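Topology and contacts: notes
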Amino acid sequence: MTETTQATDTRTQGRSADRRMGRFWSKLKRNKAAMLGGLLLLLYIVTALLAPVLYPGNPSAPNLMKSLEPPSLKEPLGTDELGRSILGRIIYGSRVSLLIALGAVSVGLLLGVPLGLVSGYYGGKSDFMIQRVTDTMLAFPGFLLALALVAVLGVGLKNAMISVGIGMIPLYIRLVRGCVLSVREEVYVEAAKAVGTRDRVILFRHILPNVMVPITVQTSLMMGMAILFAAGLGFLGIGVQPPTPEWGTMLGSGRAYIFNAPHVATFPGIAIFLAVLSFNLLGDGLRDALDPRFKL
Amino acid sequence: MSEQSGPLLTIRGLRTRFHTYEGVVNAVDGLDIEVFRGETLGLVGESGCGKSVTALSILRLLPCPPAEIQGQILFDGTNLLDLDREGIRNIRGGDISMIFQEPMTSLNPVLTIGEQISETLRRHKDMTRREAWRRCVEMLQLVQIPGPKSRSREYPHKLSGGMRQRAMIAMALSCNPKLLLADEPTTALDVTIQAQIMTLMARLKEEFEASIVLITHDLGIIAEMASRVVVMYAGKMVEEAPVKELFKDPRHPYTQGLLGSIPVIGRKFDGGQRLQEIPGIVPNPLEMPLGCRFNPRCPRTMPICHQQEPPVVRLADHRRVSCWLEANKRDD
């Protein structure tokens, strides 16, 4: 009798890994909002990659003869105060925005996750130190922190990335620490210790993979936040510097013409809105589709 | 390297305390145990009597603080409590392994069975990835997991409880440990699987020439597996005896109570007699009773039981009892 049960077990269990992945996909696919977010994001990524194909001209070259033209067949989204195509600048701007999002989130991930792991796993003095620094950083409104950092580091693409990224470090630390605190008490961590596994191995091989789900979800949401912050810096004129096309900067310079040429500020605004929306929808969808135990 | 005579593990005056906000909890309070080569020592007692803490203290798996471990734990002549962090890590999984109570949660869900076992092998033995993998498949075969090759590539969620416990046993034995600490290895399994796992452990113990410390509250398992038994109550040893003698002639009232509370199929009851029980509950570890710790529940208390802790009395057949009844008998 045992043999038959075991045979059935093997047959059903052989398919369960595929099924688990399949379940994740079907759950995500059923979530219309998440799919919309994903498609939007895909559109942005393709746009960023194919920018030179989609817009062959130079998006930064001024043409004052065509200044502030409204949308037309030739210029679908009109032109800005220097006569540059807004469509072209939005297309090229997607490169900058995605790059900043990627860079900033990388800074947050690379510094925040290890610090969170150490803080949660070892506890004690290192935990205390890390948490007090985190508290201090979290006491600042996120955007204010980025603003202050830019003031110190100076303007530009790289510095915008770093300042926005640093603001994300404490958020990652808090998230990872919390997850580690619960995973650390699992029996399998004790079992790993009981066979002599070193702390470093336990931390990165046994604990980290178990906290990847919340990190993934958080990263998706953070990307949207990074785009918003970068655009905010650009709007204030301390982000990416002109003539590089950047959505926030475009919005900032279009502000002056909001009454006689509203399209100059409106379209970059829509681009920012949709990009942030795509990340948020996708993030929410991922959270629902991934293991329900790890709901944030 | 090591002398073949003499005990493999000698625990002397083990005291494990936990510093809590409410006060100091003496989980294990002055325990002396010896484990000989090739034997199975049963460690019995109610929940909270310090069985598991003893096992965790041996491997120093308790976070200190809040725990504080004192005494001597001599394994093959070395005091485990004197070793540095790296030293004790080399012992863990190498010379001494542990099997936990919960097979469902003691394997990491994100690593395959094979990864977890071969990782242990590579940690302790000088093995290449391929050698470790081969050995892992061998081990899985040894613990009678069908299709060990494909199983080693699977994640724990695909295995049933019994299979996972087999995998844990494979992992624990993979580095040929001299001592296996089995902390209620079958409590979470159903009875049929329990029997299978116990048979397997008994067989592998012979094959690997290992000693086992079997922690359980199931006296049936003790009767079947152990050669000697240590009965613990509230952090102290109350009785130690070879298994046959213990079941035949328990000396300590607590042991008598434990044995009396086991239902026996077919036992005749005259006139609706109820199964015997030990009245009361385990004392609060923060407020241990004065004198003998069992005195609030003991049916045979004497005045001295409330005043002084009973001495450990050595009896014939390598028996030890910590009870005033025996101590007084001796003085007479």
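I will try to describe carefully the structure that is included in this document. (Residues numbered from 1 in each chain as written. Chains lettered and ligands numbered in written order. Predicted model: local features only at pLDDT ≥ 70, side-chain atom pairs only at ≥ 80, totals over all residues. Heavy atoms only, no water.)

1. Here we look at the overall build of chain B
- Each helix and strand counted, chain B has 11 helices and 12 strands in total.
- Taken along the three principal axes of its C-alpha coordinates, chain B extends 65 × 50 × 45 Å.
- Here chain B, with 332 residues, has 54% of them falling under the buried criterion.
- As displayed, chain B has an accessible area near 15,300 Å², and 52% of this comes from carbon and sulfur atoms.
- Averaging the locations of the 41 positively and 40 negatively charged side chains of chain B gives two centres separated by 4 Å. (Helix = DSSP H or I, 4+ residues; strand = E, 2+ residues; numbered from the N terminus. Buried < 20%, exposed > 50% of the residue type's maximum accessible area, 1.4 Å probe, protein only. Areas by Shrake-Rupley, 256 points an atom, 1.4 Å probe, with all protein chains shown as cover. Lys, Arg positive; Asp, Glu negative; His and termini not counted. Charge placed at Lys NZ, Arg CZ, Asp CG, Glu CD.)

2. Considerations on the sheet that holds strand S4 (residues 67–75) of chain B
All names here are of chain B.
- Spatially, S2-S1-S4-S5 is the arrangement adopted by the 4 strands of the open sheet, whose pairing is antiparallel. Edge strands, defined here as strands with exactly one partner in the open sheet, are strand S2 (24–35) and strand S5 (78–79).
- Note: S4 against S5, 2 bridges, orientation antiparallel. Of the residues in S5, the one forming a bridge with Leu74 is Asn79.
- Docked against the sheet, helix H1 (residues 51–58) engages strand S1 (9–19), S2 and S4, running at close to 110° with respect to S1. (Pairing = 2+ DSSP bridges. Contact = heavy atoms within 4.5 Å. Axes fitted to C-alpha atoms, helices over the stretch in contact; angles between N-to-C directions.)

3. Comments concerning the packing of helix H7 (residues 142–153) of chain A against helix H8 (residues 157–183) of chain A
Residues and elements named next belong to chain A.
- In the contact formed by H7 and H8, the axes pass within 8 Å of each other and the chain directions differ by 140°. Here H8 runs oblique to H7, going by the angle between their axes. Seen from above, H7 lies across H8 with right-handed handedness. Contact residues: H7 offers Leu145, Ala146, Leu149, Val150 and Leu153, while H8 offers Asn159, Ile162, Ser163, Ile166 and Gly167. (Parallel < 35°, antiparallel > 145°, perpendicular 65-115°, else oblique. Left-handed = near helix turned anticlockwise from the far one by under 90°.)

4. Observations regarding the pattern of salt bridges
- Going through the model one piece at a time under the given rule, you end up with 32 salt bridges over all chains.
- One salt bridge connects Asp80 of chain A with Arg84 of chain A, and the closest N-O pair in it is separated by 3.1 Å. As far as burial versus exposure is concerned, Asp80 of chain A and Arg84 of chain A are alike and both buried.
- Of the charged contacts in the structure, one is a salt bridge between Glu86 of chain B and Arg123 of chain B, with a shortest N-O distance of 3.7 Å. With Glu86 of chain B in helix H2 (residues 85–91) and Arg123 of chain B in helix H3 (residues 113–124), this residue pair connects regions lying 37 residues apart in the sequence.
- Using a relative accessible area of 30% as the deciding quantity, one classes Glu86 of chain B as partly exposed.
- By relative accessible area, which is 16% here, Arg123 of chain B ends up buried.
- Bridged by salt links that share partners, the residues Arg198 and Asp199 of chain A together with Arg85, Glu86, Arg89 and Arg123 of chain B form one connected network. (Salt bridge = Lys/Arg side-chain N within 4 Å of Asp/Glu carboxyl O.)

5. A look at the side chain of Ser85 of chain A
All names here are of chain A.
- Following the sequence through the fold, Ser85 ends up in the loop between helix H4 (51–54) and helix H5 (86–122).
- Reaching out from Ser85, the side chain makes a polar contact with the side chain of Glu75 at a distance of 2.9 Å.
- For Ser85, the contacting residues outside a window of four places in its chain are Tyr55, Glu75, Gly78 and Thr79. (Polar contact = N/O pair within 3.5 Å; in protein donor to acceptor, adjacent residues only side chain to side chain.)

6. Looking at the sheet that holds strand S10 (residues 236–242) of chain B
All names here are of chain B.
- The strand order across the open sheet built from 8 strands is S6-S7-S8-S3-S9-S10-S12-S11, with neighbouring strands paired in mixed fashion. The outermost strands of the open sheet, each flanked by one partner alone, are strand S6 (96–99) and strand S11 (312–315). Ignoring strand direction, the axes of neighbouring strands in this sheet form an average angle of 20°.
- In the sheet, S10 pairs with strand S12 (residues 319–322) via 2 bridges, with the strands oriented antiparallel. Note that in S12 the partner of Glu240 across the bridge is Arg320.

7. What about the pairing of S1 of chain B?
Residues and elements named next belong to chain B.
- By the bridge criterion, 9 bridges tie S1 to S2 in an arrangement that is antiparallel. The residue bridging Leu14 from the neighbouring strand is Leu31, located in S2.
- Linking S1 back to S2 in an antiparallel pair, the connection comprises 4 residues, with Gly23 at a positive phi of about 145°.
- In this sheet, S4 lies alongside S1 in antiparallel orientation, the contact comprising 8 bridges. Residue pairing for S4: Leu9 is matched across the bridge by Phe75.

8. What about the packing of aromatic side chains?
- Per the stated rule, a full pass over the model turns up 6 aromatic pairs over all chains.
- Aromatic pair Tyr233 of chain B and Phe294 of chain B: ring centres 5.0 Å apart, planes at 80°, arrangement edge-to-face. Of this pair, Tyr233 of chain B sits in strand S9 (residues 228–233) while Phe294 of chain B sits in the loop between helix H10 (253–260) and S11, and the two are 61 residues apart along the sequence.
- An aromatic cluster is present here, built from Tyr233, Tyr254 and Phe294 of chain B joined pairwise through their rings.
- Taking the ring centre of Phe128 of chain A as reference, the NZ or CZ of Arg132 of chain A above it sits at 4.8 Å. (Phe/Tyr/Trp six-rings, centres within 6.5 Å; stacked < 30°, edge-to-face > 60°. Lys NZ or Arg CZ within 6 Å of the ring centre and 35° of its normal.)

9. Focus: helix H12 (residues 247–254) of chain A
Residue and element names in this part refer to chain A.
- Burial analysis of H12 places 6 of its 8 residues in the buried class, the great majority of the element.
- Turning to H12, its buried residues number three or more, namely Trp247, Gly248, Thr249, Met250, Gly252 and Gly254.
- Looking at the buried positions of H12, the neighbouring elements they touch are helix H3 (32–49), H5, helix H11 (212–235) and helix H13 (263–289).
- If you check the start of H12, you find a side-chain oxygen 2.9 Å away from the backbone N of Gly248, and it comes from Glu246.

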